[in-house]
Each structure stands twice: as structure tokens, then as C-alpha cells.
Amino acid sequence: FDVLRALARIRHRGPDGSGVAIDARGAVHGHVRLAVVDPSPASSQPFRRGDGVLSYVGEIWNYRSLRDDLKIIGEAFTTTGDVEVVAAALSRWGAAALPRFRGMFAFAWTSPREAFIARDRFGEVPIYYVRGPGWTVWGSERRALGDLGGAALALGPGCLLDLNSGGESRTWYVLRPVAAERVDDEAVERMIFRGVQERLLTADVPVCVLLSGGVDSALVAAMGRRVNPGLVAYVCAVKGADDANDVAAATRAADVIGIELRTVRIAMPSPLDLARAVDAIEVSFQASVEIAALCLPLAERIRRDGFRVVLGGEGADELFGGYGNMMRRATSDDEWRGTRLAYWTKQARGNFVRLNKAFMAHGVEARLPYCDRELVETVLGLGLVGCPPGKALLRRVAGKWLPADVAARPKVTFQRGAGLAAKLDAKGRVRVGDYNAAARESFGVVPRG
């Protein structure tokens, strides 16, 4: 397997550096770096710690407190970043370190004692693998695995793959919502704010936020503005789209929040643009491709403006019950909990992966404040009274931060808000089969659905 060629295929994910390392047992690590925390060469990867080697993507929000805990038991550090903390924790505790990490991540760790790849609790960061007789290859995108990519499996959220046991995949985290009738709005507010604060402050590079004008992103922007008064927000719209109402809604929200808003006008995606979107996110679901076709030029502009991290509102609809088809199924507390849990767990192979790949296509890391562990476990445990359909709980919390009209704005899909949906509904709509054919012709691949 050609590791250098694999790194070249995913160079877009790490435009700030690359490296290869071989551990004592012959395991080869390759890494392309997006430098976000401690951008200095000292935190370059693959990272060696003792006799172990780490290749890691994502961020650990609590790495500073973990570093303090490790210092108390004798570990020393030479960098200021999270990479060394992750390596030290794995060197000291092995796989038992995983529950100590608060963050979004996927990584490979190999040492003479143990070797495994792992993925974060909710699947915010993807990782894929292929196994053969006596070997395993892995990568952040299927394309990294070349001809093997078509057979690659996605490691599940909260799972690790033991590389020493012949390929045993086991769960290190199981999402168990805490069943309750209701929870104080103030507690939910604190959890969301912590999610925003951690994701803003765990960075040594500029961070921005997406703002569609809906309650999900507006609350994140308002809380983010409290943490960082100079925070910048972005909204996108298709050029010439009269129905791109996200721009007006985002402008209204930005004005009351007091945040700078930058509007990115995007040309109507052509069949080739849609094919590029399929190639970038490696799936061909219609809605995912349409969203990615907008996110790709948006990510390009964000990176060009000097930002490497963006906060988004993904996950709020699944947690708080914002989709219409979810509401129609809500006939009992158990069903309401089960419906939202099912929607949430699907994101590890759906929206979270699409978001990650679309923005990382231009070297921008997307972070999701609504993926705070305590928030997820708490809110998904609420029934119909504690978390009424239509995001009533979230809207009440947002009402303390936003005007009533912003907090109450009805759900609008990203495509429709950006003015794309109406154009795609017109005669001549580009359909899945069309852009699959375009992808096959342009990129020589048949995307997996």
C-alpha cells in the first residue's frame, strides 16, 4: 500500500503539513495536517510518544485539564497542543483513555502493547478501514484507500477497531439518554453555552460561525459573540435567487446580535459542480449533494478569508425535534425519545460526515456545539412535555438571547433558504443519476450511496 499516494489523495484535509512515521512493530502512519491548536512544528504528526505513534484528526476540548491530570501522575510535556496530550493519555492508559476525551476525533494509535483506531462518541469525524490477511489500512476518506476504498467500512461512532485481535470492532461508548420528564431551561442553556465556548476557545487560529438566520445557528452566533466579541458570521445564497430568504433572516439576526455578517453569493450549481460535490462527500444522496454543492464554495471563501474553523448548528433538529416527519410520529414519550435517538444516531453516516468532508475539502474544520455530550444525553431523554415537538425547548432558551421573531423563525431547509431548492424544482432539475454519471465521467468513480 502506497502511503504517500494515499496522503496525496487527501491533501485537501491537511494543507499545513504532512508526514510519515513507522513504529517499532512496522506499522506505518501517514498524516496531513490542518494546524489549529499549537500550529508550531512541535505538534506535527504522526506524533511519537515513547514507543507509540499517533495519527489524529479533530480536537479534544478538555485537553488542558487532561494535561494537568497527567502532570500530577508524572507525565511531562514539551508542547502546548492537544496532540501530545492525546498521545500521553494513550501511552499511559491505552484504550481506557477514550472515555476521558471530550471532543470530536478519529485516530490511530500503535505501540508494542496495543494498536487500534477509534472514532468519537457521535461520529463527527469519519474514519474508514479495509482488512486483509495480516493487514489493515485506514483513512479519513474512502479516496485515501485508492482501489480498496470501494470495499472500505466506516468505523461506527463510539467504536474502536483492535488491530491486534484480527479486526475486532468494539464499542467504547454507548449513547444512553437520561430519561426525565423535564429539565430546567437554565441547565440546557448552560450546556449549549459550554458547547459553544469549548469549540471557540480550543483553537489558536481564527474561528468563524455559520448564520442562516434560523434559531439553531442564531443561538450559536449569539453565544459565540459573548465569548468572542469580534466573531464573524457567514451566510450563503445562490446568485439571482429571489427566494434566498436566509440572507434577510441572517441580516436581521446579525444586527440584533451585533456580529459582522459576510454574504457569499454562489453561482447556480452546474452538473459538474454537483459531480464535484458527490466526489467531495463520497455519497450521492440528493439532499446531501445539494447542500454540499453550496458548502464547497462557502468553505473555499471562508478559508480564503483566513479562517480554519467554523461553528455550525447541525444536530439541533435531531435533538430538539425540528423536522416535520419526526413530529408526526410523536404519539408517546417512548416513541418521541426513540424517534429522536434514531435520527441522531444516523448523523454519524449522514449530516455529520457530509459537513466534515465538504468543509475539509478546503481545509476548514467544522465544529458542532450541539454535540456536547451532556446536552445530547439530557435532551434525548426528555419526553413530549419536557421537549415538545418543534424545538419549543430550544426556542425558549434562545428567547433569552434573541428577539422573539428570530427565536420563532420556522424551520427552513438549507437549500431552500439559500435559494437553491426552487431553482432545482424547475424544469431540467439535475437528478442523482445525472450527477452520478457526471462524477463517473469526470472523476472515474461511482460514489457509494
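Our subject in this report is the structure included herewith.

### Some details on the side chain of Glu 84
Alright, step 1. Among the structural elements, Glu 84 can be located in helix 3 (residues 82–93).
Alright, step 2. Within the local environment of Glu 84, its side chain forms a polar contact with the backbone nitrogen of Thr 78, the two atoms lying 3.1 Å apart.
Alright, step 3. Setting aside residues up to four positions removed in sequence, Glu 84 forms contacts with Phe 47, Arg 49, Ala 76, Phe 77, Thr 78 and Thr 79.

### Concerning the packing of aromatic side chains
Aromatic ring pairs are reported here in terms of the distance separating the ring centres and the angle at which the planes meet.
Alright, step 1. One pass over the full model with this rule turns up 13 aromatic pairs.
Alright, step 2. Seen from their ring centres, Tyr 234 and Phe 307 are 6.0 Å apart, and the 80° between their planes marks the pair as edge-to-face. With Tyr 234 in strand 13 (residues 232–238) and Phe 307 in the loop between helix 8 (286–304) and strand 15 (309–311), this pair connects stretches of sequence that are 73 residues apart.
Alright, step 3. Overall, the relative accessible area of 1% leaves Tyr 234 in the buried class.
Alright, step 4. Plain terms: the ring middles of Tyr 323 and Tyr 343 are 6.0 Å apart, the flat faces sit at 35° to each other, and that makes the pair tilted. A residue pair is termed long-range when its members are at least 10 positions apart, and Tyr 323 in the loop between helix 9 (316–320) and helix 10 (324–327) and Tyr 343 in helix 11 (residues 333–346) qualify at 20 residues.
Alright, step 5. Given a relative accessible area of 22%, Tyr 323 falls into the partly exposed group.
Alright, step 6. Put simply, the rings of Phe 101, Phe 105, Phe 107, Phe 116, Phe 122, Trp 172, Tyr 173, Trp 344 and Phe 352 touch in pairs and so form one group of aromatic residues.

### Some thoughts on the environment of Val 28
Alright, step 1. Mapped onto the elements of the fold, Val 28 is located in strand 2 (residues 28–32).
Alright, step 2. The class of Val 28 is partly exposed, set by a relative accessible area of 35%.
Alright, step 3. Between the C-alpha atom of Val 28 and that of Met 326, which follows or precedes it by 298 residues, the distance is 45 Å.
Alright, step 4. If near-sequence neighbours (up to four positions away) are discounted, Val 28 is found in contact with Val 3, Val 20, Ala 21, Ile 22 and Trp 138.

### Regarding a nonpolar patch on the surface
Alright, step 1. The grouping of Leu 4, Val 20, Ile 22 and Val 28 at the surface amounts to a nonpolar patch, some 350 Å² of accessible area in total.
Alright, step 2. As for its position among the elements, Val 20 is in strand 1 (residues 18–22).

### Some points on the environment of Leu 341
Alright, step 1. Mapped onto the elements of the fold, Leu 341 is located in helix 11.
Alright, step 2. Residues Leu 341 and Val 376 lie 35 residues apart in sequence; the distance between their C-alpha atoms is 9.5 Å.
Alright, step 3. Excluding residues within four positions of it along the chain, Leu 341 makes contact with Leu 175, Pro 177 and Leu 380.

### Looking at the sheet that holds strand 15
Alright, step 1. On the basis of which strands lie adjacent, the open sheet formed by 5 strands has the order 14-13-12-15-16 and parallel pairing. Edge positions in the sheet fall to strand 14 (260–266) and strand 16 (365–367), since each of these pairs with one other strand and no more. When strand polarity is set aside, the average angle formed by the axes of neighbouring strands in this sheet is 30°.
Alright, step 2. Alignment of strand 15 against strand 16, held across 3 bridges, turns out to be parallel. Within strand 16, the residue paired with Val 309 across the bridge is Glu 365.

### With respect to helix 7 (residues 271–281)
Alright, step 1. All of the buried residues in helix 7 are Leu 274, Ala 275, Ala 277, Val 278, Ala 280 and Ile 281.
Alright, step 2. The first or second residue beyond helix 7 is Glu 282, which carries a positive phi of 65°.

### Re the sheet that holds strand 9 (residues 153–154)
Alright, step 1. Spatial strand order, 8-7-9: 3 strands in an open sheet with antiparallel pairing. This sheet does not close on itself; its edge strands, each paired only once, are strand 8 (135–139) and strand 9.
Alright, step 2. Summarising the sheet, strand 7 (residues 128–132) and strand 9 pair through 2 bridges and their orientation is antiparallel. Pairing of Tyr 129 across the sheet is with Leu 153, part of strand 9.

### Regarding unusual backbone geometry
Alright, step 1. Following Gln 45, the chain continues to Pro 46 via a peptide bond in cis, the omega torsion being 0°.
Alright, step 2. Along the chain, Pro 46 turns up in the loop between strand 2 and strand 3 (47–49).
Alright, step 3. A positive phi is found at Asp 38, a non-glycine position, where the angle reads about 50°.
Alright, step 4. Among the secondary structure elements, Asp 38 is positioned in the loop between strand 2 and strand 3.
Alright, step 5. Phi angles above zero are rare outside glycine, and Lys 391 is one such case at about 60°.
Alright, step 6. Take Lys 391: its relative accessible area is 3%, and that puts it in the buried class.

Calculation rules
- Counting from 1, residues in each chain are numbered in the order their sequence is written.
- Local features in this predicted model are restricted to residues of pLDDT 70 or higher, and side-chain atom pairs are both shown and tallied only at a pLDDT of 80 or more, whereas totals for entire chains, interfaces and linings draw on every residue.
- Calculated side-chain values reflect all of the structure's heavy atoms, with hydrogen atoms and water omitted.
- Working definition: helices are DSSP H or I runs of at least four residues, strands are E runs of at least two. Numbering for both runs from the N terminus.
- Any N or O atom pair separated by 3.5 Å or less is treated as a polar contact, with the protein-specific requirement of one donor-capable and one acceptor-capable atom, and with residues adjacent in sequence counted only for side-chain atom pairs.
- For this analysis, residues touch if any pair of their heavy atoms sits within 4.5 Å.
- The criterion for an aromatic pair is that two Phe, Tyr or Trp rings (for Trp, the six-membered ring) have centres within 6.5 Å, with stacked assigned to planes under 30 degrees apart, edge-to-face to planes over 60 apart and tilted to the rest.
- Here's how the labels work: a residue is buried when its accessible area is under 20% of the maximum for its type, exposed when over 50%, partly exposed in between, all with a 1.4 Å probe on protein chains only.
- Patch membership needs two things, relative accessible area over 30% and no salt bridge, and members are linked within 9 Å if like-charged or within 5 Å if nonpolar (Val, Leu, Ile, Met, Phe, Trp, Tyr).
- Every accessible area reported is derived by Shrake-Rupley at a probe size of 1.4 Å, with residue values counting cover from the shown protein chains alone.
- Take a side-chain nitrogen of Lys or Arg and a carboxyl oxygen of Asp or Glu: if they are within 4 Å of each other, that pair is a salt bridge.
- Any two strands between which DSSP finds at least two bridges are classified as paired.
- Each axis is a line fitted through C-alpha atoms, taken for helices only over the stretch in contact, and angles between the N-to-C directions span 0 to 180 degrees.

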